[in-house]
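Take a look at the letters that make up each chain.
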Amino acid sequence: MSLTNEHIKQRLIEKFNDQVLGFEESYGMLSFEAPKELNLKVLNFLYDDEELKFRFLTDLCGVHYQGQQDKELAVVYHLHNLEDNIRIRFKVFTAMDKPDIYTATGLFSSANWMERETYDFYGINFVGHPNLKRILNVDEMDYFPLRKQYPLEDQSRVDKDDEMFGRGGTIGFGTEKTDHGTIIEAEKKNVGEDII
Amino acid sequence: MSEQHIKLPEGSIEKTTTTLNLGPTHPATHGVMQNILELDGERIVSAEQTIGYIHRAFEKIAERRPLYQITPLTDRLNYCSSPINNMGWHLTCEKLLGVKTPKRVDYLRIIIMELARISDHLICNSIVGVDSGAYTGFLYVMQYRELIYEIYEEICGSRLTTNIGRIGGFERNFNDIAFQKIQKFLDEYPAVLTEFENLFTRNRIFMDRTIGAGPISAERALNYGFTGPNLRAAGVDYDVRIHSPYSSYEDFEFDIPVGTTGDCYDRFLVRNQEMWQSLRIIKDAFQKVQEFKGADADVYHADVPEYYLPPKQDVYTKMEALIWHFKIIMGEINMPAGEVYNAVEGANGELGFYFISDGGRTPYRLHFRRPCFIYYQAYEELTKGAMLSDAIIVMSSLNLIAGEMDA
């Protein structure tokens, strides 16, 4: 009952020194990151440690942070200590061109499908996974649809170019601040081909 | 010609087991999912699941939609209890946006969520009955699910995919007919549930079919990420409503029923008990809603003009309301940047929303933690060595909803 975010942070720093970083608390949940080579070590430590006991994998998913050099893809683990009822978020980042991350299936059986889903959506290669193949999309698919370079709508459509609403040629919502809507002219062609 | 068409896999002549495709459109799977069972006689040697038949890429779609347009997507996750998904989504947004809801809204939400839980458990438990050969229970409880749907209809106008509520509260206040129907439900349902339990709980055939079918230990269940009634049937008293109360659940007194063996029978009993507890919560909440006096008695949403649509007559007559209406509908409201994970106790487990906002108008990333996607993995372990008929009953007692699994 006495486990606090501050204490978890101290334990992690004691064990991994400056390799765990990016500690922050967003909406009450402690969040941190580690180098991707360490992901299993950190998960194991969190699992085995007598105080921490993060033994329930609530969620595992991928995120594509477009434009972050060498840290474009992330795998996010949400862990839960059911005894002390405290949750943490743990992230590892990987580069787009070599998205290899060790699998957590040895520790959590539940990671199996969640990793398959993450592979399916983001193409993250979970090294050591017993059955890493697509789960929701068809096997023949040759791209990873949740990556940001695949826009949801066809960017070449002109009939929805609603300049008058102040969105200046970008289409749909939310494209002003982020750059997921803008796509380089050369890439545009490739995207279309991929989908067809 | 025959050589061309009949292509047996290598070694299949010597094979002593039979391969059976259970699904994807078999009526007993109650959803579009496929199981490739390897059978030795009637015993299951292995099972491989294929899912994704109704994958609709909600997570991708959500990246281009303003918040209020994502609510209808959540309807289509667990469509047997869509109000819980809707509320979970609103609560997630409210957590990110820092919206505080009035108590009356919380209680109204609890009424709706618990009604949804009852309707979901009703379907699940009666389907377990159907799959073990007892159709009567299913037909009998249907009219009370119908009554629940009528209550939804009074509140939001739709029945199955409800799109109920808004960020900050409800789109309109509950009308008198809705309250009357809730009262009717509270009056009549206990007798129905008792009758339903009488049909099954000590029924020799039902017990023989379900006791020992698809058991799982607490340890394995946790490792497999079980949540909700399935985890509680294995003996772990984890319930999001207690562990991280949302929507003022802390104001209510209720028990968490737990089982011991985690088999189909325990899951059935846990769900039945949960219906009784839900009923208790609804009664309390209904009482509390009646107790509001004066101006509080008509509150049905929080005062958040940035996210809550103004009344239509104001839009036509007041400038400010018109501006907000326009901005909300066009999705031109920027959200605060941040990451939030929020979970609610869905009817079949912990339904989580992992929401990353980069300060734009739509989620940068939205991930649904769908409980049955995670625990369906355990299906092979649950059915290995069991009979084919157990495979069906295990599937229905896990409460698998294809819409939620495939998102």
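## Quick word on the overall build of chain B
Link 1 in the chain: Secondary structure assignment for chain B yields 18 helices and six strands.
Link 2 in the chain: Its C-alpha atoms give chain B a radius of gyration of 23 Å, within 12% of the compact-globule value 22 Å for 407 residues.
Link 3 in the chain: Projected onto its principal axes, the C-alpha positions of chain B cover 80 × 50 × 40 Å.
Link 4 in the chain: Per-residue burial over chain B gives 51% buried out of 407 residues.
Link 5 in the chain: Partitioning the intrachain contacts of chain B with sequence separation of at least 6 by distance along the chain shows that 71% fall at a separation of at least 24.

## Structural notes on the pairing of strand 4 (residues 73-81) of chain A
All names here are of chain A.
Link 1 in the chain: Judged by how many residues are buried, strand 4 sits mostly within the fold: eight of nine residues are covered.
Link 2 in the chain: By the bridge criterion, eight bridges tie strand 3 (residues 56-64) to strand 4 in an arrangement that is antiparallel. Bridge pairing in strand 4 links G62 to V75.
Link 3 in the chain: Direction of pairing for strand 4 relative to strand 5 (residues 86-94): antiparallel, over a ladder of nine bridges. Of the residues in strand 5, the one forming a bridge with V76 is K91.
Link 4 in the chain: Taken together, strand 4 and the strand that follows it, strand 5, pair antiparallel across an intervening segment of four residues, in which N85 is found at a positive phi of about 55°.

## Let's talk about the interface of chain B and chain A
Link 1 in the chain: Listed by partner, the interface residues are 41 residues for chain B and 33 residues for chain A.
Link 2 in the chain: When contributions to the side of chain B that touches chain A are tallied by element, the ones reaching two or more residues are helix 2 (58-62), helix 9 (218-223), strand 4 (338-346), strand 5 (349-357), strand 6 (365-369) and helix 15 (371-375) of chain B.
Link 3 in the chain: For the side of chain B that touches chain A, the per-class residue count stands at 15 nonpolar, 13 polar and 13 charged.

## Quick look at the sheet that holds strand 4 of chain B
All names here are of chain B.
Link 1 in the chain: Strand order in the open sheet formed by three strands is 4-5-6, and the pairing between neighbours is antiparallel. Lying at the two open borders of the sheet, with one neighbouring strand each, are strand 4 and strand 6. Pairwise comparison of adjacent strand axes, ignoring direction, gives a mean angle of 10° for this sheet.
Link 2 in the chain: Across five bridges, strand 5 lies against strand 6 in antiparallel orientation. Opposite I356, over in strand 6, you have R365 as the bridge partner.
Link 3 in the chain: Helix 4 (residues 82-97) contacts strand 4 and strand 5 of the sheet and is inclined by roughly 150° relative to strand 4.

## Focus: the domain arrangement of chain B
Residue and element names in this part refer to chain B.
Link 1 in the chain: Here chain B is described as being made up of domain 1 (2-50) and domain 2 (58-406).
Link 2 in the chain: Each of domain 1 and domain 2 was reduced to a C-alpha centroid, and the two centroids are 35 Å apart.
Link 3 in the chain: Taken together, the 15 residues of domain 1 in the interface contact 19 residues of domain 2.
Link 4 in the chain: Secondary-structure elements contributing two or more residues to the side of domain 1 that touches domain 2 are strand 2 (34-40) and strand 3 (43-50).
Link 5 in the chain: A per-element tally of the side of domain 1 that touches domain 2 places strand 3 first, with five residues.
Link 6 in the chain: Residue classes in the side of domain 1 that touches domain 2 are distributed as eight nonpolar, five polar and two charged.

What counts, and where the lines are drawn
- Residues numbered from 1 in each chain as written.
- Chains lettered and ligands numbered in written order.
- Predicted model: local features only at pLDDT ≥ 70, side-chain atom pairs only at ≥ 80, totals over all residues.
- Helix = DSSP H or I, 4+ residues; strand = E, 2+ residues; numbered from the N terminus.
- Rg over C-alpha atoms; globule rule 2.2 N^0.38 Å.
- Buried ≥ 20, exposed ≤ 12 C-beta atoms within 10 Å, placed from the backbone.
- Contact = placed C-beta atoms within 7 Å.
- Pairing = 2+ DSSP bridges.
- Nonpolar A, V, L, I, M, F, W, Y, C, P; charged D, E, K, R; others polar.
- Axes fitted to C-alpha atoms, helices over the stretch in contact; angles between N-to-C directions.
- Domains from an automatic or database assignment.

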